[in-house]
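Breakdown of the fold
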Amino acid sequence: ATPAHTSHHTMAFRRSLRTVAALASRPAAAAAAPAETALLASRVAAAALVRSHVNHRGFFASSRAASGAGSLIAPHGGTLVNLMVSDAAKAAAIVASATRSLELSHRNACDVELLATGGFSPLRGFMNEDVYAHCVENMRLPGSNLLFGMPIVLDTDCEDTKVGDKVVLKYQGKDVAVVTVESKWKPNKPLEAKMCYGTSSIEHPGVSMISMERRKYYIGGAVEAVSVPERPFPCPSPAEVRAMLPEGKDVVAFQCRNPIHRAHYELFTRALHADNVGEGAVCLVHPTMGPTQDDDISGLVRYHTYEVLAKEVNNPAIRWAYLPYSMHMAGPREAIQHMIIRKNYGCTHFIIGRDMAGSKSSIDGEDFYGAYDAQDLAKANAAELGMKTVPSLNVVYTDEEGYVTADVAEMKGLSVKKLSGTKFRKMLRGGEDIPEWFAFKSVVNVLREHQ
């Protein structure tokens, strides 16, 4: 039975979700398809230095080859894609062959980097029209029938760009890649919105993005990358992350787009002891660092909070890395996308919470997705992905026993302490003391420094 309070947004999404789930369950096809400002020089040098050394937090481990091989989970599709052109002369020739240029948005730049480094394996470029249409309607890639949560596209307003053109892609003025245009089309954005986000209403931030931010045409084609976008923080590639993970052990991914507070930390450290997680497992804390929602804390500020927290907890069971991904707030389908990406980064398990990647209407504040829609779709497809889901525990702080799960607190009649996000932000702005049961002092200090 449907609860009486279920929003019309949620009901509409569930209808779309049933359609996508049915399409995603079709038998496999016969043949596989071919498959904040510019950085100061010192920051670039610092990032390079970080990439070349092991540090005490376990960001990278240069003692192992940076590859998808070994006893780690295989990447999606079996091979970790690498579109980076390492030879300088060849890279220069590729750029010189381009007849057009396109300045990338922040979102585009994230997509280019994940294509180039294999985060979007098995893709080797932006989706062509047929692949895009199949992914939108079926949540799968044509031919191989591999699951793929969201379409990966490049948008442009250029009327003259045509099939066969080579377009150099720039980010903040720097050449990062060249795409050979194999298709160009005017997408059916309402259909894309309805199938991927469960709604065509621009009250949804993702729908607003594709309808108002993305440009008129999509172009697809193979990508050759000559550099990665420069950022004020390092975003290790899938190969680099895999190189610092323990072989033969479970790797539990924790996705977030906000600063980490005490309850989050309890959640992902307890996940290492879940029934379906093996002994000796590690947790990869893997925040998304690209554009999210307008009211979210910037990636740079969050990066500083993660850095001080990693140093403070100094937990050998935790690995920290940053993901150059822009959130779509697409709920269940984005949960699938996150799982595929983390699989490419070497993760075997994925923590999935209530209303993961969910969003609310910009007008009436109603949820677009049900609280467990993302969990349900992720569970239904986990086995096919070769991964396992770990439900996000509902942990609460009590006077008597500290952090416990909500059911334990209720069973024992413990006194639960609460602090809303709104109250926390008000206290932060007012300079009030933040209780340490709620937030790490080091994180609070960073947030206050960047108000």
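Residues numbered from 1 in each chain as written. Predicted model: local features only at pLDDT ≥ 70, side-chain atom pairs only at ≥ 80, totals over all residues. Heavy atoms only, no water.

1. Things to note about the nonpolar core
Counting 78 residues, the largest nonpolar core has Phe120, Phe126, Phe148, Leu169 and Tyr197 as the members making the most contacts within it. Membership of the second largest hydrophobic core comes to 42 residues, among which are Tyr265, Phe268, Val390 and Tyr403. (Core = buried A, V, L, I, M, F, W, Y, C linked by side-chain atoms within 4.5 Å. Buried < 20%, exposed > 50% of the residue type's maximum accessible area, 1.4 Å probe, protein only.)

2. Description of the packing of helix H6 (residues 189–197) against helix H7 (residues 205–213)
Here H6 crosses H7 at 155 degrees, and the two axes come no closer than 10 Å. As far as their axial angle goes, H7 and H6 are roughly antiparallel. Viewed along their axes, H6 and H7 form a crossing whose handedness is right-handed. For the pair H6 and H7, contact is made by Lys189, Glu192, Ala193 and Tyr197 and by Gly206, Val207, Met209, Ile210 and Ser211, respectively. Looking at the contact of H6 with H7, its residues break down into five nonpolar, two polar and two charged. (Axes fitted to C-alpha atoms, helices over the stretch in contact; angles between N-to-C directions. Helix = DSSP H or I, 4+ residues; strand = E, 2+ residues; numbered from the N terminus. Parallel < 35°, antiparallel > 145°, perpendicular 65-115°, else oblique. Left-handed = near helix turned anticlockwise from the far one by under 90°. Contact = heavy atoms within 4.5 Å. Nonpolar A, V, L, I, M, F, W, Y, C, P; charged D, E, K, R; others polar.)

3. Some remarks on the sheet that holds strand S13 (residues 395–398)
The strand order across the open sheet formed by three strands is S14-S13-S15, and the pairing between neighbours is antiparallel. The sheet is open, and its two edges are formed by strand S14 (402–405) and strand S15 (416–417), each paired on a single side. Bridge count between S13 and S15: two bridges; the pairing is antiparallel. Bridge pairing links Thr398 to Val416 in S15. Helix H9 (residues 262–270) contacts S13 and S14 of the sheet and is inclined by roughly 55 degrees relative to S14. (Pairing = 2+ DSSP bridges.)

4. Let's talk about the sheet that holds strand S12 (residues 388–391)
Taken together, five strands build an open sheet; the order of strands is S10-S9-S8-S11-S12 and the sheet is parallel. The open sheet has two free edges, formed respectively by strand S10 (318–320) and S12, since each of these has just one partner strand. For this sheet, the mean inter-axis angle between neighbouring strands, taken without regard to orientation, is 30 degrees. Strand direction decides the pairing type here: strand S8 (residues 251–254) and strand S11 (residues 349–352), joined by two bridges, are parallel.

5. Comments concerning helix H4 (residues 106–117)
For H4, spanning 12 residues, the distance from its first C-alpha to its last is 17 Å, which sits close to the expected 16 Å at 1.5 Å a residue. Most of H4 sits inside the fold, with 11 of its 12 residues counted as buried. Residues of H4 that are buried: Arg107, Asn108, Ala109, Cys110, Asp111, Val112, Glu113, Leu114, Leu115, Ala116 and Thr117. Looking one or two places after H4, you find Gly118, whose phi comes out positive at around 100 degrees. (Expected span 1.5 Å × (residues − 1).)

6. Re the environment of Glu159
For Glu159, the position within the fold is in the loop between strand S3 (154–156) and strand S4 (166–171). Sequence separation of Glu159 and Lys216 is 57 residues, and the distance between their C-alpha atoms is 9.2 Å. The contacts of Glu159, once residues within four sequence positions are left out, are Lys184, Lys216 and Tyr217.

7. Details of unusual backbone geometry
For the bond running from Ser121 to Pro122, omega is 15 degrees, close enough to zero to count as cis. Mapping Pro122 onto the fold places it in the loop between H4 and strand S2 (125–126). Even without being glycine, Gln172 reaches a positive phi, approximately 55 degrees. With respect to the helices, strands and loops of the structure, Gln172 is situated in the loop between S4 and strand S5 (174–180). Residue Gln172 is classed as partly exposed on the basis of its relative accessible area of 31%. Phi is positive for Asn314, which is not a glycine, with a value near 45 degrees. Here Asn314 lies in the loop between helix H10 (299–313) and S10.

8. Considerations on the pattern of salt bridges
This structure, assessed with the given rule, holds 14 salt bridges. Measuring nitrogen to oxygen at the nearest pair gives 3.3 Å for the salt bridge that ties Glu159 to Lys216. Of this pair, Glu159 sits in the loop between S3 and S4 while Lys216 sits in the loop between H7 and strand S7 (217–225), and the two are 57 residues apart along the sequence. Since its relative accessible area comes to 48%, Glu159 is described here as partly exposed. (Salt bridge = Lys/Arg side-chain N within 4 Å of Asp/Glu carboxyl O.)

9. Digging into the environment of Ala382
Within the element layout of this structure, Ala382 appears in helix H12 (residues 373–385). Given the relative accessible area of 7%, Ala382 is considered buried. Taking C-alpha positions, Ala382 is 8.6 Å from Ile336, a pair spaced 46 residues apart along the chain. Apart from residues lying up to four places away in sequence, Ala382 is in contact with Met339, Met387, Lys388 and Thr389.

10. Comments concerning the packing of aromatic side chains
This model, assessed by the stated rule, comprises 15 aromatic pairs. Seen in terms of ring centroids, Tyr132 and Trp185 are 5.4 Å apart; in terms of plane orientation they differ by 45 degrees. Their pairing is tilted. Separated by 53 residues along the polypeptide, Tyr132 in helix H5 (residues 129–138) and Trp185 in strand S6 (residues 183–185) bring together distant segments of the chain. Across the pair, Trp185 and Tyr132 agree in class, each one buried. (Phe/Tyr/Trp six-rings, centres within 6.5 Å; stacked < 30°, edge-to-face > 60°.)

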